[in-house]
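# Structural description and commentary
These are the residues of each chain, in order.
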Amino acid sequence: MIISWSTTNACNQQCPHCYRDADKVLQGELSTAEAKKLIHQISQAGFRIMIFSGGEPLLRSDIFELVAEAKKQGMRPVFGTNGTLLEPETTTRLKESGAQAMGISLDSYDEKKHDAFRGWSGAFKKTIAGMENCKKAGLPFQIHTTVMDWNYDQIEQITDFAVKMGASAHHIFFLVPTGRATELSDEIMKAEKYEALLKRIIERQPAIPIELKPTCAPQFMRIAHQKGIKTRFSRGCIAGISYCLIGPTGNVQPCAYLNMNLGNVREIPFDQIWKESEVFKKLRSQQYSGNCGNCAYQKICGGCRARAAFYHKGDFMADEPWCKGWNEKSTTKSG
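Predicted model only: the values in this text are computed from it and were never measured.

This next bit is on the pattern of salt bridges. Two side chains of opposite charge can pair, provided their charged atoms sit close to one another. The full count for this structure, using the stated rule, is 15 salt bridges. A salt bridge links Arg 266 to Glu 34; its shortest N-O distance comes to 2.8 Å. One end of the pair, Arg 266, is in the loop between β9 (252-253) and α9 (270-276); the other, Glu 34, is in helix α1 (residues 32-44), with 232 residues separating them in the sequence. Classification of Glu 34 by relative accessible area gives partly exposed; the value is 28%. Across the pair Asp 107 and Arg 118 runs a salt bridge, and its minimum N-O distance is 2.6 Å.

Written as structure tokens, this is what we have:
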């Protein structure tokens, strides 16, 4: 089970696709003591992978202490970071604190395009330096790329770069319109291109020595199954089933892109929210409507629940609007 904690809303970049609309520290972000209590509750709930995200998690002054606490509680601490703050001393301290891996964002192999998208001249060079510093510290890292129309044809090039840099994986994120990303409607791929890119990624995996994983594109499981290509994953969308997110001030939501407050950890223990939330129970029922409810691949895909909610007026159990493969001749549900 995987949990993502947005440790802070503070960020040193201004990316137009940010689901948090990250910028400055929010009033009421969890204190160190509250964060440690939360980490204990997360462990008690059975989670084993803890993603420290943001904003930019490395802007928290107590981040090393919190990583050590997660490790102490038996979890695997990993990060989602823009990589620009991964200085030599920082990567060494992260490694010593118990961090297991860094997920580093890189949206283009073109320096100017990456910097323009990230809103910071010099971001590309700092991010690449961060990867090098991870290697020197013996801290594994993977590259994260958010794909849009403008970088659609660069994905293979970024994968090749990830291999060259010694990354352990390349995870390709498919944009979900939430946060600042709601203003990027012209950049969101249409269904045909979405499907075509998924096929490109899945077909390339056997020839690539690192893991390729489409994220927020659960249909990759259907495509892998159709092509007979094995993955280590058993399901596409895991929101509310074996994954959720906690915001900087303690609000729990099903995933980063499904902005629903299911309770605050200051008021209700996290493990209780995880067990008793009606929204989580509904997501776990997998009783989808529309095309997703009739799909042969319902059990291994699940459709993107956040995208379903956005395009169906908040109905997170509706069908996934960008899927082209639901209408298989077989309607026998897999699983």
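Below, the discussion takes up helix α2 (residues 63-72). Within α2 the residues assigned to the buried category are Ile 63, Phe 64, Leu 66, Val 67, Glu 69 and Ala 70. Where α2 is buried, its residues meet β1 (2-6), α1, β2 (49-53), β3 (76-81) and α3 (88-97). Among the residues trailing α2, Gly 74 stands out with phi positive, at a value near 85°.

So, about the sheet that holds strand β4 (residues 101-105). The sheet built from nine strands is open, its strands ordered β7-β6-β5-β4-β3-β2-β1-β8-β9 with mixed pairing. The sheet terminates laterally at β7 (211-215) and β9, the two strands that pair on one side only. Note: β1 against β2, five bridges, orientation parallel. Its bridge partner lying in β2, Ile 3 is registered against Met 50.

Take the environment of Gly 122 next. Looking at the element boundaries, Gly 122 is found in the loop between α4 (111-118) and α5 (123-137). Each C-alpha atom of the pair Gly 122 and Ile 201 lies 29 Å from the other, and the pair is 79 residues apart in sequence.

The next point concerns the packing of aromatic side chains. The final tally for this structure, using the stated rule, is 12 aromatic pairs. Sitting over the face of the ring of Tyr 152, Lys 193 holds its NZ or CZ atom 4.3 Å from the ring centroid.

Those residues of α3 that fall on the buried side of the exposure criterion are Thr 90, Thr 91, Leu 94 and Ser 97. On an axial view of α3, the arc spanned by its buried residues comes to 130°, and they lie on one face. Summarising the geometry of α3, the exposed residues directed more than 90 degrees from the buried face are Glu 89 and Glu 96. Trailing α3 by a residue or two, Gly 98 shows a phi angle of about 115°, which is positive.

Looking now at the confidence of the model for the protein. The predicted model of the protein averages 90 in pLDDT, with 90% of residues at 70 or higher. In the model, residues 179-187 has pLDDT below 50 throughout and makes 24 contacts with residues more than four positions away in sequence or in other chains. Contacts of residues 328-335 to residues separated by more than four positions or lying in other chains number 16 contacts, the stretch itself having pLDDT below 50.

On to the environment of Gln 298, then. Checked against the element boundaries, Gln 298 lands in the loop between α11 (290-294) and α12 (305-311). Judged by relative accessible area, Gln 298 falls into the buried class, the value being 5%. Sequence separation between Gln 298 and Gln 287 is 11 residues, and the spatial gap between their C-alpha atoms is 9.4 Å. Within the structure, Gln 298 has its side chain in polar contact with the backbone oxygen of Gly 293 (distance 3.3 Å).

The next subject is the nonpolar core. The tendency in soluble globular proteins is for nonpolar side chains to be buried side by side. Residues Met 102 and Phe 270 are the most contacted members of the largest nonpolar core, which totals 93 residues. When residues of this core are assigned to their parent elements, the largest contribution, six residues, is made by helix α7 (residues 191-204). Apart from the residues within four sequence positions on either side, Phe 270 is in contact with Ile 3, Leu 38, Gln 41, Ile 42, Ala 45, Phe 47, Cys 244, Ile 246, Val 252 and Val 265.

Burial analysis of β1 places four of its five residues in the buried class, which makes it a mostly covered element. By the bridge criterion, four bridges tie β1 to strand β8 (residues 243-246) in an arrangement that is parallel. Looking at β8, one finds that Ile 2 is bridged to Tyr 243.

As a further point, take the side chain of Thr 159. Secondary-structure assignment places Thr 159 in helix α6 (residues 155-165). With residues up to four places along the chain from it excluded, the contact list for Thr 159 reads His 170, Arg 204, Ile 208, Ile 210 and Leu 212.

Cut-offs used in this document
- Residues numbered from 1 in each chain as written.
- Predicted model: local features only at pLDDT ≥ 70, side-chain atom pairs only at ≥ 80, totals over all residues.
- Heavy atoms only, no water.
- Salt bridge = Lys/Arg side-chain N within 4 Å of Asp/Glu carboxyl O.
- Helix = DSSP H or I, 4+ residues; strand = E, 2+ residues; numbered from the N terminus.
- Buried < 20%, exposed > 50% of the residue type's maximum accessible area, 1.4 Å probe, protein only.
- Contact = heavy atoms within 4.5 Å.
- Pairing = 2+ DSSP bridges.
- Phe/Tyr/Trp six-rings, centres within 6.5 Å; stacked < 30°, edge-to-face > 60°.
- Lys NZ or Arg CZ within 6 Å of the ring centre and 35° of its normal.
- Arc of directions from axis to C-beta.
- pLDDT = per-residue confidence, 0-100.
- Polar contact = N/O pair within 3.5 Å; in protein donor to acceptor, adjacent residues only side chain to side chain.
- Core = buried A, V, L, I, M, F, W, Y, C linked by side-chain atoms within 4.5 Å.

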